[in-house]
Number of protein chains: 2
Amino acid sequence: MKIDAVDRAILITLQDDAKLTNAELSERVHLSPSACLRRTKLLEESGLIRRTVAILDPRVAGIPGTAYVSVTLDSQGRKALDTFEAAVRAVPEITECYLLAGQHDYLLRVVYRDAADLERIHTDILTPLPGVVRIQSQLTLRTVKRSTKLPI
Amino acid sequence: MKIDAVDRAILITLQDDAKLTNAELSERVHLSPSACLRRTKLLEESGLIRRTVAILDPRVAGIPGTAYVSVTLDSQGRKALDTFEAAVRAVPEITECYLLAGQHDYLLRVVYRDAADLERIHTDILTPLPGVVRIQSQLTLRTVKRSTKLPI
DNA sequence: TTTGAAAACCAACCGAA
DNA sequence: TTCGGTTGGTTTTCAAA
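S.K.: Any chance you could explain the protein's contact with DNA strand C here in plain terms?
M.R.: Taken together, A:Thr21, A:Asn22, A:Ala23, A:Leu37, A:Lys41, B:Ser32, B:Ser34 and B:Arg38 make up the full set of residues near DNA strand C. Each atom of DNA strand C within 4 Å of the protein was assigned to sugar, phosphate or base; sugar and phosphate come to 53%. At 3.4 Å from a phosphate oxygen of DNA strand C is found a side-chain nitrogen or oxygen belonging to A:Lys41. Measuring from a phosphate oxygen of DNA strand C, one finds a side-chain N or O atom of B:Ser32 at 2.2 Å. For the surface near DNA strand C, the elements supplying multiple residues, two or more each, are helix H2 (22-28) and helix H3 (33-45) of chain A together with helix H3 (33-45) of chain B. Looking at the surface near DNA strand C residue by residue, the class counts come to two nonpolar, four polar and two charged.

S.K.: Just to check I follow, could you spell out the side chain of B:Asp117 for this structure?
M.R.: Residue and element names in this part refer to chain B. If you trace the backbone, Asp117 turns up in helix H5 (residues 115-126). Owing to a relative accessible area of 12%, Asp117 belongs among the buried residues under this scheme. At a separation of 2.8 Å, a polar atom in the side chain of Asp117 contacts the main-chain amide nitrogen of Arg113.

S.K.: What should I look at first to understand the environment of A:Arg113 in this one?
M.R.: All names here are of chain A. In this structure, Arg113 sits in the loop between strand S4 (105-112) and helix H5 (115-126). Through-space distance from the C-alpha of Arg113 to that of Pro58 is 9.1 Å; in sequence the pair is 55 residues apart. There is a polar contact of 3.3 Å between the side chain of Arg113 and the backbone oxygen of Gly62.

S.K.: Quick question: what am I supposed to make of the sheet that holds strand S4 (residues 105-112) of chain B here?
M.R.: Sheet strands line up and pair through hydrogen bonds in the backbone, either parallel or antiparallel. Read once around its circumference, the closed barrel built from eight strands follows the order S2(A)-S4(A)-S3(A)-S5(B)-S2(B)-S4(B)-S3(B)-S5(A), with strand pairing classed as antiparallel. Geometrically, the sheet is characterised by an average inter-axis angle of 35 degrees between neighbouring strands, direction not taken into account. The strands touched by helix H4 (residues 78-89) of chain A within the sheet are strand S2 (65-73), strand S3 (94-100), S4 and strand S5 (132-146) of chain A together with strand S5 (132-146) of chain B, with S5(B) carrying the most contacts at an inclination of about 90 degrees. Relative to S4(A), H5(A) is tilted by about 140 degrees, and along the sheet it contacts S2, S3, S4 and S5 of chain A.

S.K.: Even after reading the chapter, I still don't get the interface of chain A and chain B, so can you show me in this structure?
M.R.: You'll often see interface size given as the accessible area lost when the parts meet. Each side of the interface is counted separately: chain A has 62 residues, and chain B has 62 residues. Counting the surface lost from both chain A and chain B, the interface buries some 6100 Å², and carbon and sulfur atoms represent 57% of this. Per-residue buried area on chain A facing chain B is highest for A:Leu56, A:Tyr98 and A:Lys145; these three make up 12% of the total on that side. At the junction of chain A with chain B, the criterion picks out eight salt bridges. Between B:Glu85 and A:Arg142 there is a salt bridge, and its shortest N-O distance comes to 2.7 Å.

Cut-offs and rules
- Residues numbered from 1 in each chain as written.
- Chains lettered and ligands numbered in written order.
- Predicted model: local features only at pLDDT ≥ 70, side-chain atom pairs only at ≥ 80, totals over all residues.
- Heavy atoms only, no water.
- Near = heavy atom within 4 Å.
- Polar contact = N/O pair within 3.5 Å; in protein donor to acceptor, adjacent residues only side chain to side chain.
- Helix = DSSP H or I, 4+ residues; strand = E, 2+ residues; numbered from the N terminus.
- Nonpolar A, V, L, I, M, F, W, Y, C, P; charged D, E, K, R; others polar.
- Buried < 20%, exposed > 50% of the residue type's maximum accessible area, 1.4 Å probe, protein only.
- Pairing = 2+ DSSP bridges.
- Axes fitted to C-alpha atoms, helices over the stretch in contact; angles between N-to-C directions.
- Contact = heavy atoms within 4.5 Å.
- Buried area = accessible area lost by both parts, 1.4 Å probe.
- Salt bridge = Lys/Arg side-chain N within 4 Å of Asp/Glu carboxyl O.

Here it is in structure tokens:
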């Protein structure tokens, strides 16, 4: 799909605030409401806009902690990876999981309420994940920046 | 603010799809439309729902790459940190930045279009960040899971 | 919880580039 | 032919009863 400057303006705006009415959005990108709505619909249908979601405040929600956890498996076979990944997907406390290049490790992002919660996650959830041989956690002192915006 | 099971159901649902109409949402959480709307408004006003945003598909957008970059500064003074963090916030390709516990490093999440783009970011953006003495990048082969949902 | 007015959506149609 | 604008019926919101 061809994206022009107006489409980019729509995407930038909606990545900041998807609750804008089409009327307001159309003003910001200097378009008529109907043209704006048509473009937005196309961006959704094309799959470029995948979904629109509510973002919660982790502190207000009582889940202020973030840790990055490196995990090494005892085997890199396809089956071992699939088993591990299926288990990861089922754990809500693991909000992100990446397969790393180079050393066949995984990097997990884990969110937690407090130190006790992190310990629970470590011992009851992470350690029992299938195939795990090494776990190394990096706690974060502070979130400097966290954006869902893609630099379109 | 007091959160009960129905509030949690609303939050879980809106974290998946914030485009639901109030009527649809109210059915899913087994509430009347007006009661549901009142609760949702309260959740927004309380700050628990911080914003609602459009999530783009990185592949369709042509920005499929993710790297995690560890950065060490030559100084940990308040002023050095502030300067570094202000610079980080101004870079759209750096989508996340955490101050790590333990070794006073930062962990950055960087998104990129292709290998050439990553090299550009590395040499033109990351290396010139104020105070940087060490940069270590971890590329990701694959995104196994990436969720914006908090485990409420 | 119900209701009704105001607002927003969005499909169909028209016109210009 | 494609893209933006206009119109009007339909849906949704949301505050008052």
